[in-house]
Amino acid sequence: AFIATDMKGTINLFSKGAENIFGCKAEDVLGTPISNYYVMGRDEAKKIMKILYQEGGLQNYETVMIIRNGKKVNMNLSVSLLKNSNGELIGTLGIGKDFTEFKRIERQLQQSEKLATVGELAAGIAHEVGTPLNVILGTAEYLMMEMEGDDPKIEELKIIISQAEHITKLIHQLLNFSRYNKPEFKSIDINSLVRDVLKLTDLQIAKEKIKVITDLQSDMPTIIGDDNQLQQVLINIIVNALHAMPQGGTLTIANRLDISESSTPHSNVFIEISISDTGCGIPSKDIPKIFDPFFTTKDIDKGTGLGLTVSHRIVEDHGGTIDVESKVNEGTRFTVKLPIQISEDTNVQ
Ligand SMILES: Nc1ncnc2c1ncn2[C@@H]1O[C@H](COP(=O)(O)OP(=O)(O)OP(=O)(O)O)[C@@H](O)[C@H]1O
Ligand SMILES: [Mg+2]
């Protein structure tokens, strides 16, 4: 995309490519100041002019611009000064590339690098800590068996055991990052997976005055995945939902086929599983953090902050996505989309 201005910064050329990026016609833009379109406004325009004067040009400068409807795009700008035949400065010519998508992928990469580091750590920690921990647990349980039932020291032993179990759980979850725990793929029926998970979480649900609604479509195609891992994803999300509804509430689990418009190379048919609760909700400032390792708002004995990180990783390994919508004091919905592998002869309308 090309945009040219005069020396005052008034736009006097706006190319087709620029129209595409900005979503508006050249005639709406010509004659207006370029600074209108920088998120940083006139300060940004002045900064760019200063660099142009000092260095004669500007290469790969990253800025954020405002396009139609107030939407923001990350732009990569290269700008040069224009001179007329007498060598007088008459304006600027900028070439801009929209790299919003690139920025998004860059953020995703940073996230997976974070995870890879945790994964390597996990394998080491699990090995070094796991064995002595088992000895502690085993010995404490042995002592407990040896004690008389009315011995007051039993309470202290219970503390040792429950704390050691907490560490075991932590290590277990850390291990889910580990390279050595790659998924084993086979064909899975989503409805039976959901029913199995509900059986596993049944006890806890009964305890907590939760109404469960399931809305499962019959005749769902199977997906290819690791059932243990996918079970874990659903359990993590359901347990979070239960934690969010300490006074009781409604848990809704639904699934449906999602045939998206944009065709990705492999599949554009997904099974969508949504898990909604009527709990405390997530403040919007926390939403970007909930998938980060160790982000938790729970007490130390209740949460490690790895549940969603692990779930995110698993769903990604399955080529799927996991999204969240939430309103404080109203509830939260997690949506997991898993792709269906379509063979040549399967017909999906
Ligand atoms: N359904 C929900 N309603 C409200 N808050 C939620 C919900 N799901 C997740 N959260 C928030 O996201 C945080 C991170 O969740 P995550 O499952 O990763 O960790 P955790 O539940 O705190 O610990 P654990 O590792 O035991 O799962 C939670 O501490 C909570 O603040
Ligand atoms: Mg959790």
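In the block above lies the structure referred to throughout.
Cut-offs used in this document
Residues numbered from 1 in each chain as written. Chains lettered and ligands numbered in written order. Predicted model: local features only at pLDDT ≥ 70, side-chain atom pairs only at ≥ 80, totals over all residues. Heavy atoms only, no water. Helix = DSSP H or I, 4+ residues; strand = E, 2+ residues; numbered from the N terminus. Buried < 20%, exposed > 50% of the residue type's maximum accessible area, 1.4 Å probe, protein only. Contact = heavy atoms within 4.5 Å. Near = heavy atom within 4 Å. Polar contact = N/O pair within 3.5 Å; in protein donor to acceptor, adjacent residues only side chain to side chain. Areas by Shrake-Rupley, 256 points an atom, 1.4 Å probe, with all protein chains shown as cover. Nonpolar A, V, L, I, M, F, W, Y, C, P; charged D, E, K, R; others polar. Phe/Tyr/Trp six-rings, centres within 6.5 Å; stacked < 30°, edge-to-face > 60°. Patch = residues over 30% accessible without salt bridge, like charges linked within 9 Å, V, L, I, M, F, W, Y side chains within 5 Å. Salt bridge = Lys/Arg side-chain N within 4 Å of Asp/Glu carboxyl O. Pairing = 2+ DSSP bridges. Axes fitted to C-alpha atoms, helices over the stretch in contact; angles between N-to-C directions. Left-handed = near helix turned anticlockwise from the far one by under 90°. Core = buried A, V, L, I, M, F, W, Y, C linked by side-chain atoms within 4.5 Å.

(A) Focus on the overall build of the protein. Within the protein, the secondary structure is distributed over 8 helices and 12 strands. Looking at the 349 residues of the protein, the share that counts as buried comes to 41%. The long-range fraction of contacts in the protein, counting pairs at least 24 apart against all pairs at least 6 apart in sequence, stands at 60%.

(B) Seen up close, the site of ligand 1. With respect to spatial proximity, 23 residues lie near ligand 1, and among them Thr296, Thr297, Lys298, Thr304 and Leu308 are the closest. Between Lys298 and ligand 1, the recorded distance is 2.7 Å, taken from a side-chain N or O atom to an oxygen atom. In the environment of ligand 1, an oxygen atom lies 3.0 Å from a nitrogen or oxygen atom belonging to the backbone of Gly305. For ligand 1, the protein covers 94% of the area, taking 590 Å² as the surface of the free molecule. Elements with a minimum of two residues in the shell around ligand 1: helix H5 (154-175), helix H7 (227-243), helix H8 (307-317) and strand E12 (331-339). Of the residues belonging to the shell around ligand 1, the class tally is 9 nonpolar, 10 polar and 4 charged.

(C) Structural view of the packing of aromatic side chains. A full pass over the atoms with the stated rule returns 3 aromatic pairs. A centroid spacing of 5.5 Å and a plane angle of 70° characterise the contact between Phe14 and Phe22, whose relative ring orientation is edge-to-face. What makes Phe14 buried here is its relative accessible area of 9%. Using a relative accessible area of 2% as the deciding quantity, one classes Phe22 as buried. Both rings, one in Phe22 and one in Tyr37, keep their centres 6.1 Å apart while their planes meet at 85°; by these two values the pair is edge-to-face. Residue Phe22 is found in helix H1 (residues 16-22), and its partner Tyr37 is found in the loop between helix H2 (26-29) and helix H3 (41-55); the two are separated by 15 residues along the sequence. The burial state of Phe22 is the same as that of Tyr37; both residues are buried. These aromatic residues form a ring-pair network of at least three members: Phe14, Phe22 and Tyr37.

(D) Representation of a nonpolar patch on the surface in the model. Taken together, the side chains of Phe2, Leu13 and Ile95 make up a nonpolar region of the molecular surface, amounting to roughly 260 Å² of accessible area. When you line up the elements, Ile95 lands in strand E5 (residues 89-98). A relative accessible area of 41% places Ile95 in the partly exposed class.

(E) Spatial organisation of the pairing of strand E3 (residues 57-66). For E3 and strand E4 (residues 72-83), the ladder comprises 8 bridges, and the chain directions are antiparallel. Paired with Met65 across the two strands is Val73, which belongs to E4. Taken together, E3 and the strand that follows it, E4, pair antiparallel across an intervening segment of 5 residues, in which Asn69 is found at a positive phi of about 65°.

(F) Local environment of the packing of H7 against H8. Running from N to C, H7 and H8 point in directions that differ by 145°, and their axes come no closer than 9 Å. Our pair here, H7 against H8, has a crossing hand that is left-handed. Across the interface between the two elements, Gln229, Leu230, Gln232, Val233, Asn236, Ile237 and Asn240 from H7 touch Gly307, Leu308, Val310, Ser311, Ile314 and Val315 from H8. By residue class, the composition of the contact of H7 with H8 is 7 nonpolar, 6 polar and no charged.

(G) Spatial organisation of the nonpolar core. The biggest cluster of nonpolar side chains holds 38 residues, and the ones touching the most others in it are Leu251 and Phe334. Mapped onto this core, the elements with two or more residues apiece are helix H6 (190-207), H7, strand E9 (249-259), strand E10 (269-277), H8, strand E11 (321-327) and E12. No other element matches H7, which puts 7 residues into this core. Excluding residues that lie within four positions of it along the chain, Phe334 makes contacts with Ile237, Ile273, Ser274, Ile275, Ile282, Ile290, Phe291, Leu308, Ile322, Asp323 and Val324. Listed in part, the 25 residues of the second largest apolar core include Ile21, Phe22, Tyr37 and Tyr38.

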